[in-house]
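# Examining the three-dimensional arrangement
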Amino acid sequence: MSEYDIAIIGGDGIGPEVTAQAVRVLDTASEIFGFSTRKTEYPFGTDHYLATDEIFPDAAFEEVKGMDAIFLGAIGDPRVPVGMIEFGVIAKLRFELDLYINLRPIKLYDASLCPLKDKGPEDIDMLIVRENTECAYTGMHGFAHKGQALEVATQTMVYTRAGVERAVRYAFELAQDRPRNQVTLIDKANAVRAQDIWTRVFAEVAAEYPETKTDHAYVDAACMWMVKNPEWFDVAVTPNLFGDIVTDLGAMLQGGMGIAASGNIHPGRVSLFEPIHGSAPKYRGKNVASPVAAVMAVSMMLDFLGEKKAAEVVEGSIRALLSSGELKGVGTGMHSTDAVGDMVVRELRTAAAKV
């Protein structure tokens, strides 16, 4: 029996509530598909910081580094300065564990969820590969004459050949297992000339995959085409900043933030999985936040761990609930958090019995 060590960080706001339901689904899947998990829960988030003045202590971080995967509920709280907990938890994990891929599946499960006219599940099924450790997010910024009339603020975008190449290559490898086998580069190299490194590296890697179709879109055009013709996209790869933007647009195409999940991945090493909806502190403790995105993050985590069948059935359970109309969407308050967890666990058992 395979056994996996999983770090669980519920975090802030609705994070602990959606995480609790995601863990229920994980436990059910492990029971059904014959693997086990050793889960270690960590309290890190704003409450913990306000009580202890610590964000993510080194001893705990060393423990997490030795695990198979990390599940994160949500981080962020207005009681502390903007970015403090986010940089102390999420950014620390991304950068210090070198989680160089942010993988965002954008898949529509039912036409009723999509805000676009005449688009259905056959039109929206893409994978966005966002480079996750470079670009404008490396923290290389500064201010001169701060607070004065002639204040200057700078932020440096950083791209390394190694960082670009490994993200591009990951995208091409993903495309090999998809029927369309196509990779689109999304950049802004015509205006941000440093991104010419993306153009050149993409062409070099593409030459190694002659059977893979390639395409290119500047980020402004990509946003336009994602709305007008989302069926054009299969796998797309993009720098960190643009990936942050286009994946939220993609989330809305598939039904909103309440369904979207992501993986922060370093292949072969401990990696992080999370819903992308944020902490929504005003809904904390009200049992109204949908845990669907958290459950989808569990599906991604299971796929990463090699439990492919379990991942497929967890995802299929969400698809079945949405397409049947039993799960009437993923908006806050449409169902209670606990009720959605109950639905998914029941559907998971039903679906597994048919496998």
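Residues numbered from 1 in each chain as written. Predicted model: local features only at pLDDT ≥ 70, side-chain atom pairs only at ≥ 80, totals over all residues. Heavy atoms only, no water.

## Details of the overall build of the protein chain
Put simply, the rule is: Only DSSP runs of H or I reaching four residues or more are called helices, and only runs of E reaching two or more are called strands; each is numbered from the N terminus. For this measure, only C-alpha atoms enter the radius of gyration; the expected value for a globule follows 2.2 Å times N^0.38, where N is the number of residues. Note on classification: 1.4 Å probe, protein chains only; a residue is buried when its accessible area is under 20% of the maximum for its type, exposed when over 50%, partly exposed between these limits. Residue contacts follow a heavy-atom distance rule, with two residues in contact if any of their heavy atoms lie within 4.5 Å. With residues, only the protein chains shown are counted as cover, and all accessible areas are computed by Shrake-Rupley using a 1.4 Å probe.
If you tally the helices and strands in the protein chain, you get 11 helices and 12 strands. Against the 2.2 N^0.38 benchmark of 20 Å for 355 residues, the protein chain shows a C-alpha radius of gyration of 20 Å, consistent with a compact globule. The dimensions of the protein chain, computed from C-alpha atoms along their principal axes, are 55 × 50 × 40 Å. When each of the 355 residues of the protein chain is scored for burial, the buried share is 54%. In the protein chain, the share of contacts with a sequence separation of at least 24, taken over all contacts with a separation of at least 6, comes to 76%. As displayed, the protein chain offers around 15100 Å² of accessible surface, 54% of which is attributable to carbon and sulfur atoms.

## Concerning the pairing of strand β2 (residues 36-42)
Consecutive side chains of a regular strand alternate in pointing toward one face of the sheet and then the other. Quick reminder of the rule: Pairing between two strands is assigned when DSSP locates at least 2 bridges connecting them. Here a crossover is taken to be right-handed if, once the strands point away from the viewer, the path from the first strand over the helix to the second is traced clockwise.
When strand β1 (residues 3-11) meets β2, the two strands line up parallel, connected through 7 bridges. Paired with I9 across the strands is Y42, a residue of β2. The parallel pair β1 and β2 is bridged by helix α1 (residues 15-33), and the resulting crossover is right-handed.

## Section: the nonpolar core
Which entries qualify depends on this criterion: Put simply, a nonpolar core is a bunch of buried Ala, Val, Leu, Ile, Met, Phe, Trp, Tyr and Cys residues held in one set by side-chain atoms that sit within 4.5 Å of each other.
By size, the foremost hydrophobic cluster in this structure holds 88 residues, and its most contacted members are L103, V129, W198, V237 and L302. When residues in this core are grouped by element, the largest group, 10 residues, is from helix α9 (residues 292-305). In contact with W198, not counting residues within four places along its chain, are E131, Y159, V164, A167, V168, L185, D187, V237, T238 and P239. One finds A7, Y42, I85 and I90 within the second-largest nonpolar core, a separate group that totals 22 residues.

## Re the layout of surface pockets
Our working definition: Lining residues are those with an atom within 4 Å of a point, where the points come from a 1 Å grid over the protein atoms alone and group into cavities, where a 1.4 Å probe fits but cannot get out, or pockets, open sets with protein on both sides within 12 Å along at least five of seven lines. Grid points are joined across faces, edges and corners, and a volume is the space filled by probe spheres set on the points. Polar here means any residue other than Ala, Val, Leu, Ile, Met, Phe, Trp, Tyr, Cys and Pro, which are nonpolar, and Asp, Glu, Lys and Arg, which are charged; Gly is therefore polar.
Of the pockets and cavities examined, the largest pocket occupies roughly 850 Å³. Lining the largest pocket we find 30 residues, and of these L103, P105, L127, D303 and E315 sit closest to its centre. If you list the elements that add at least two residues to the lining of the largest pocket, you get β4 (101-107), β5 (125-131), α5 (161-176), β11 (261-265), α9 and α10 (308-324). Tallied by class, the residues present in the lining of the largest pocket amount to 18 nonpolar, 3 polar and 9 charged. What the second largest pocket holds in volume is close to 620 Å³. Surrounding the second largest pocket, 27 residues form its lining, I75, E86, I90, R94 and D244 being those nearest its centre. When contributions to the lining of the second largest pocket are tallied by element, the ones reaching two or more residues are α4 (84-96), α8 (240-253) and β12 (271-275). If one sorts the elements of the lining of the second largest pocket by residue count, α4 sits on top with 6 residues.

## Comments concerning the pattern of salt bridges
Operational definition: When a carboxyl oxygen of Asp or Glu lies within 4 Å of a side-chain nitrogen of Lys or Arg, that pair is called a salt bridge.
All told, the structure shown has 28 salt bridges when counted by the stated rule. Its salt-bridge partner being D47, residue R79 comes within 2.6 Å of it at the nearest N-O pair. Taken together, the positions of R79 in the loop between β3 (69-74) and α4 and D47 in helix α2 (residues 46-52) put the pair 32 residues apart, joining distant regions of the chain. Residue class for R79 comes out partly exposed when judged on its relative accessible area of 46%.

## Observations concerning the sheet that holds strand β9 (residues 213-218)
Cut-off, in case you're wondering: To get an axis, fit a line to the C-alpha atoms, keeping to the stretch in contact for a helix; angles then go from 0 to 180 degrees between the N-to-C directions.
Reading across the sheet, the 10 strands line up as β2-β1-β3-β12-β11-β4-β5-β10-β8-β9 and stay open at both edges, with mixed pairing between neighbours. Of all the strands in the sheet, the pair left with one neighbour each is β2 and β9. Averaged over all pairs of adjacent strands, the angle between strand axes in this sheet comes to 20°, irrespective of strand direction. Two elements, strand β8 (residues 182-187) and strand β10 (residues 235-238), share 3 bridges in a ladder whose sense is parallel. Bridge pairing in β10 places L185 opposite V237.

## Re unusual backbone geometry
For H145, which is not glycine, the phi torsion reads 55° and is therefore positive. Mapped onto the fold, H145 is located in the loop between β6 (141-144) and β7 (152-155). For A280, which is not glycine, the phi torsion reads 40° and is therefore positive. Mapped onto the elements of the fold, A280 is located in the loop between β12 and α9. Given a relative accessible area of 27%, A280 falls into the partly exposed group.

## With respect to α10
Basically, it comes down to this: In this analysis, the expected span of each helix is defined as 1.5 Å times one less than the number of residues it contains.
In this model, α10 (17 residues) spans 24 Å end to end at C-alpha, consistent with the 24 Å of a helix rising 1.5 Å per residue. Along α10, the residues classified as buried are A310, A311, V313, V314, E315, S317, I318, L321 and L322. On its buried side, α10 packs onto α1, β4, α9 and α11 (337-354). Two residues or fewer after α10 comes G325, characterised by a positive phi angle close to 90°.

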